[in-house]
Amino acid sequence: MKYFIMFGPPGAGKGTHAAPMVKKYNLKHISTGELLRSEIAAGTELGKQAAALIEKGNLVPDEVVEGMIAQTFAKYPEVNGFLLDGFPRTVQQAMDLDEMLEARDEYVTGVISLMIPDEEIKARIKGRALIEGRADDASDETIANRIKTYHAKTEPLIEIYKDKGIYHEIDGIGSIEEVQKRVFAMMDKL
Ligand code: AMP
């Protein structure tokens, strides 16, 4: 099994590029953000608790997303691997993921990191707000908090994965087609 992580700040294009990647490489896409949005749409207790945090641009607790990851791993034994999108987002989640994989005699195959500067994040999220209508894309305050949270809690993962020699950074600026070519060229090597 291969375990890829789609890494990057909010609005970098993780979801956009994950879709064609999972088709081409027969991977199961796990987007913790999408799973949480389904819980919110279904009105579950978990969804209600998550909504309040997500709408402010805060992270949901590690154990909540980790539970969703573990369930999805167990549900799809027939795929070539998984593409984790939006997970891990904290150092604790990265450590817990390693543990989860070690228990399966597996490890993270590679981290595909889409990088865009903060100004581009804001512009892209504002564009996406008009199309997708996500609650957490709507206010400048929430967007600013998500960027802050990314730098404080998620960015430290870059050094961890660099140290493991599995961090692969891709310039996320350019057309979707241009960036997709870069992503596929990288994936073909992994
Ligand atoms: P995303 O669709 O990946 O941008 O995620 C939307 C929101 O869901 C994030 O801003 C967080 O509030 C929450 N979320 C998604 N993934 C995680 C995660 N791995 N850890 C904690 N919160 C998450």
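Keep in mind that what you see is a predicted model, and the values were worked out from it rather than measured.

(A) Just the pattern of salt bridges, in detail. Under the defined criterion, the tally for this structure stands at ten salt bridges. Measuring nitrogen to oxygen at the nearest pair gives 3.0 Å for the salt bridge that ties Asp-98 to Lys-164. Highlighted residues: Asp-98 in helix H5 (residues 91-102) and Lys-164 in the loop between helix H8 (157-163) and strand E5 (167-171), separated in sequence by 66 residues. Asp-137 is paired through a salt bridge with Arg-128; the nearest N and O atoms lie 2.8 Å apart. Residue Asp-137 is classed as buried on the basis of its relative accessible area, which comes to 2%. Judged by its relative accessible area of 19%, Arg-128 is buried. In the salt-bridge network here, residues are joined through shared partners; they are Arg-128, Arg-134, Asp-136, Asp-137 and Arg-146.

(B) The environment of Lys-148, seen in detail. Relative to the helices and strands, Lys-148 resides in helix H7 (residues 140-154). Distance in space between the C-alpha atoms of Lys-148 and Ala-19 is 27 Å, their sequence separation being 129 residues.

(C) Representation of the packing of helix H4 (residues 62-75) against H5. Where H4 meets H5, the axes come as close as 11 Å, and the angle between the chain directions of the two elements is 30°. As the angle between them shows, H4 and H5 are arranged roughly parallel. H5 is crossed by H4, and the crossing has right-handed handedness. Counting all contacts with H4, which are made through Asp-62, Val-65, Glu-66, Ile-69, Ala-70 and Phe-73, the residues of H5 involved are Gln-92, Gln-93, Asp-96, Leu-97, Met-100 and Leu-101. In terms of residue class, the contact of H4 with H5 is made up of seven nonpolar, two polar and three charged.

(D) Representation of the sheet that holds strand E3 (residues 81-85). With respect to topology, five strands assemble into an open sheet ordered E2-E3-E1-E4-E5, the strand pairing being parallel. Two strands lie at the open edges of the sheet, namely strand E2 (27-31) and E5, each paired on one side alone. Ignoring which end each strand starts from, the neighbouring axes of this sheet average 20° apart. Relative to strand E4 (residues 110-115), strand E1 (residues 2-7) runs parallel, the two being bridged by four bridges. Paired with Met-6 across the bridge in E4 is Ile-112. In this fold helix H9 (residues 176-189) packs onto E1, E2, E4 and E5, with an angle of close to 160° to the strand it touches most, E5.

(E) Summary view of helix H2 (residues 32-42). Taken residue by residue, H2 has Thr-32, Gly-33 and Leu-36 as its buried positions. Each buried residue of H2 sits inside an arc of 100° when the element is viewed along its axis, so together they form one side. Of the exposed residues in H2, those oriented more than 90 degrees away from the buried face are Ala-41 and Ala-42. On its buried face, H2 is in contact with E2, helix H3 (45-55), H4 and E3.

The rules behind the values
- Residues numbered from 1 in each chain as written.
- Predicted model: local features only at pLDDT ≥ 70, side-chain atom pairs only at ≥ 80, totals over all residues.
- Heavy atoms only, no water.
- Salt bridge = Lys/Arg side-chain N within 4 Å of Asp/Glu carboxyl O.
- Helix = DSSP H or I, 4+ residues; strand = E, 2+ residues; numbered from the N terminus.
- Buried < 20%, exposed > 50% of the residue type's maximum accessible area, 1.4 Å probe, protein only.
- Axes fitted to C-alpha atoms, helices over the stretch in contact; angles between N-to-C directions.
- Parallel < 35°, antiparallel > 145°, perpendicular 65-115°, else oblique.
- Left-handed = near helix turned anticlockwise from the far one by under 90°.
- Contact = heavy atoms within 4.5 Å.
- Nonpolar A, V, L, I, M, F, W, Y, C, P; charged D, E, K, R; others polar.
- Pairing = 2+ DSSP bridges.
- Arc of directions from axis to C-beta.

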